[in-house]
Amino acid sequence: MPRICIKDIQKDIPVGESLCSVFLIGSAQKSEGRNGPFWAVKLRDATGTLDAKIWAPLSQNIEELKMGDFIEVKGRTSRFRENLQFTIEACRMVENPEELNLSDFIRTSAVEPAEILAQIEAKINEEITYTPWKDFCKSVLKDQRIRQKLLLAPAAKSVHHAYAGGLLEHMFSVAALCLKLSDHYPELDRQTLFVAALFHDIGKLDELSGGLVNDYTDEGKMLGHIIQGILMLKPFLEKAKVDSALALHLEHLILSHHGEPEFGAPRVPLSPEAFCLHYADNMDAKMAQCREAFSQMQENDEEAEISWSAWINLLGRSLCKMPQTPKAKEKEQNKAKKNSQDSQGSLMGFFR
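The following refers to the structure shown. Because the structure is predicted, anything quoted here is derived from the model rather than measured.

Along the chain, the regular secondary structure elements total 13 helices and 7 strands. When contacts within the chain are restricted to residue pairs at least 6 apart in sequence, long-range pairs at least 24 apart make up 57% of them.

Moving on to the pairing of strand S1 (residues 18–33). With 7 bridges connecting them, S1 and strand S4 (residues 70–80) associate as antiparallel partners. By the bridge assignment for S4, Val 22 is matched with Glu 72. The pairing of S1 with strand S2 (residues 36–45) spans 9 bridges and is classified as antiparallel. Of the residues in S2, the one forming a bridge with Ile 25 is Leu 43. Two successive antiparallel strands, S1 and S2, enclose a turn made up of 2 residues.

Moving on, we get to the packing of helix H6 (residues 190–199) against helix H10 (residues 244–256). The interhelical angle for the contact between H6 and H10, taken along N-to-C directions, is 45 degrees, at an axis separation of 9 Å. Considered as vectors, H6 and H10 are oriented oblique to each other. As H6 runs across H10, the sense of the crossing is right-handed. Taking contact as the criterion, the partners of Thr 192, Leu 193, Val 195, Ala 196 and Phe 199 in H6 are, on H10, Leu 246, His 249, Leu 250, Leu 253 and Ile 254. A breakdown of the residues in the contact of H6 with H10 according to their chemical character gives 8 nonpolar, 2 polar and no charged.

Ordered in space as S1-S2-S3-S5-S4, the 5 strands form a closed barrel in which the pairing is mixed. Adjacent strand axes in the sheet meet at a mean angle of 45 degrees, parallel and antiparallel pairs treated alike.

Summed over all chains, the structure comprises 12 salt bridges. Residue Arg 190 pairs with Asp 183 through a salt bridge whose shortest N-O separation is 2.7 Å. Where salt bridges share partners, they join Glu 127, Asp 183 and Arg 190 into one cluster.

As for its position among the elements, Ser 318 is in the loop between strand S6 (307–308) and strand S7 (320–321). One polar contact links the side chain of Ser 318 to the main-chain carbonyl oxygen of Ser 309, over a distance of 3.3 Å.

The next point concerns the nonpolar core. Among the nonpolar cores identified, the biggest contains 47 residues, and Ile 120, Phe 136, Leu 150 and Phe 199 are the most heavily contacted of them. Of all elements in the fold, only helix H2 (113–127), helix H3 (131–142), helix H4 (144–150), helix H5 (166–184), H6, helix H9 (225–240), H10 and helix H11 (272–295) reach the threshold of two or more residues within this core. Take this core: its biggest share by element is 8 residues, from H5. The next biggest cluster of nonpolar side chains, apart from the first, holds 19 residues, and it includes Ile 25, Val 41, Leu 43 and Leu 84.

Let's shift gears to the environment of Ala 197. Following the sequence through the fold, Ala 197 ends up in helix H6. For Ala 197, a relative accessible area of 0% translates into the label buried. In sequence terms Ala 197 and Cys 178 are 19 residues apart; their C-alpha atoms lie 7.1 Å from each other. Not counting residues within four places of it along the chain, the set of residues in contact with Ala 197 comprises Met 171, Val 174, Ala 175, Cys 178 and Leu 277.

Here the focus is the packing of H5 against H11. At a closest axis distance of 9 Å, the pairing of H5 and H11 adopts a crossing angle of 130 degrees. Our classification of the angle between H5 and H11 gives oblique. The crossing of H5 and H11 is right-handed. Along its contact with H5, which presents His 170, Ser 173, Val 174, Leu 177, Cys 178 and Leu 181, the element H11 presents Cys 276, Leu 277, Ala 280, Asp 281, Asp 284 and Ala 285. Among the residues making up the contact of H5 with H11, the classes are represented as 8 nonpolar, 2 polar and 2 charged.

What follows is about the side chain of Ser 21. Summarising the element assignment, Ser 21 is placed in strand S1. A relative accessible area of 3% means that Ser 21 is categorised as buried. Among the polar contacts listed, one links the side chain of Ser 21 to the backbone nitrogen of Ile 4, at a separation of 2.9 Å. Apart from the residues lying within four places of it in its own chain, the contact partners of Ser 21 are Arg 3, Ile 4, Ile 71, Glu 72 and Val 73.

Assignment of secondary structure puts Ile 62 in the loop between strand S3 (48–54) and S4. In this structure Ile 62 comes out as buried when scored by relative accessible area, which is 11%. Along the backbone, Ile 62 and Phe 38 are 24 residues apart, and their C-alpha atoms lie at a distance of 9.5 Å. The residues touching Ile 62, leaving out its near neighbours within four places in the chain, are Lys 30, Trp 39, Ile 54 and Cys 91.

Glancing now at the packing of aromatic side chains. As enumerated under the stated definition, the model contains 5 aromatic pairs in all. Plain terms: the ring middles of Phe 136 and Phe 199 are 5.6 Å apart, the flat faces sit at 80 degrees to each other, and that makes the pair edge-to-face. Of this pair, Phe 136 sits in helix H3 while Phe 199 sits in helix H6, and the two are 63 residues apart along the sequence. This pair shows no difference in class: Phe 136 is buried, exactly as Phe 199 is. Counting every residue linked through ring pairs, the aromatic cluster contains Tyr 130, Trp 133, Phe 136 and Phe 199.

Rules used in this analysis
- Residues numbered from 1 in each chain as written.
- Predicted model: local features only at pLDDT ≥ 70, side-chain atom pairs only at ≥ 80, totals over all residues.
- Heavy atoms only, no water.
- Helix = DSSP H or I, 4+ residues; strand = E, 2+ residues; numbered from the N terminus.
- Contact = heavy atoms within 4.5 Å.
- Pairing = 2+ DSSP bridges.
- Axes fitted to C-alpha atoms, helices over the stretch in contact; angles between N-to-C directions.
- Parallel < 35°, antiparallel > 145°, perpendicular 65-115°, else oblique.
- Left-handed = near helix turned anticlockwise from the far one by under 90°.
- Nonpolar A, V, L, I, M, F, W, Y, C, P; charged D, E, K, R; others polar.
- Salt bridge = Lys/Arg side-chain N within 4 Å of Asp/Glu carboxyl O.
- Polar contact = N/O pair within 3.5 Å; in protein donor to acceptor, adjacent residues only side chain to side chain.
- Core = buried A, V, L, I, M, F, W, Y, C linked by side-chain atoms within 4.5 Å.
- Buried < 20%, exposed > 50% of the residue type's maximum accessible area, 1.4 Å probe, protein only.
- Phe/Tyr/Trp six-rings, centres within 6.5 Å; stacked < 30°, edge-to-face > 60°.

Below you can see the structure in the form of structure tokens.
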């Protein structure tokens, strides 16, 4: 029997219909309720996550559920506070997980991580003219431990880009945003900002375990990826002989990229480049959260004008998916605008 993926449950299977499939345990916590103990479980596969509950009396017979284990479950979906929830009516642990296809359970970036890394290396050659910066970037990315982990690393545990290759995707996206900001604001130190954008989250290689579990490491809990990133990059900065003021600025950009102390920033942004990195990082994370939320929604029918995502605890809100401007009309308007400009001839050229 082919397994049912979470995306199918969320989009295609009617609420309340009985189903059975195998999932990865993303998290599991036992609590006490009015009717006895219950388990709150987050089920995972490569297509998404699904909140599940195991109620008494079944919950009383389960002593342990471990994150990273595979479980076969049978149950039904329901709606709770507008969110889809799965009630597990029967379950068993998978005894031979090696027989499963792991690609069914580990989500990866849409573009192959190796291809993203190659694009990053090409952009480094294209953008960086200051030799110590170029040597620094190349030495970091050629380090075997860093390179191997980058190809599999997520950018977060669950917030954004939380899949294999997600860190590379986020690094490159933020760096591309910062280059566009540098085009708009030529007074910025384009190369230092670009390098900082590439490596602002490099400490996540050691903060998160990645893999099936993708949990915080002991070092990640004790230090956090910002400090871990500074420690990781320090030897490469020294070896590349980057100017001390530029190296200091890079470290400040990494330390301040979360913006405010309440969001985990050891330092607030103190340079124009630091503001740019902070907002580019925040923008990329928010857009990724929007994409993730909208991917779990039903496609709008032709008559629907506005639709809402499920409640997102971290953001404290549902996200609104608005209808977009029809592209055919947009083309007609652009064509009409161009014809109007052409008809005015040299007069428009004068005002440009």
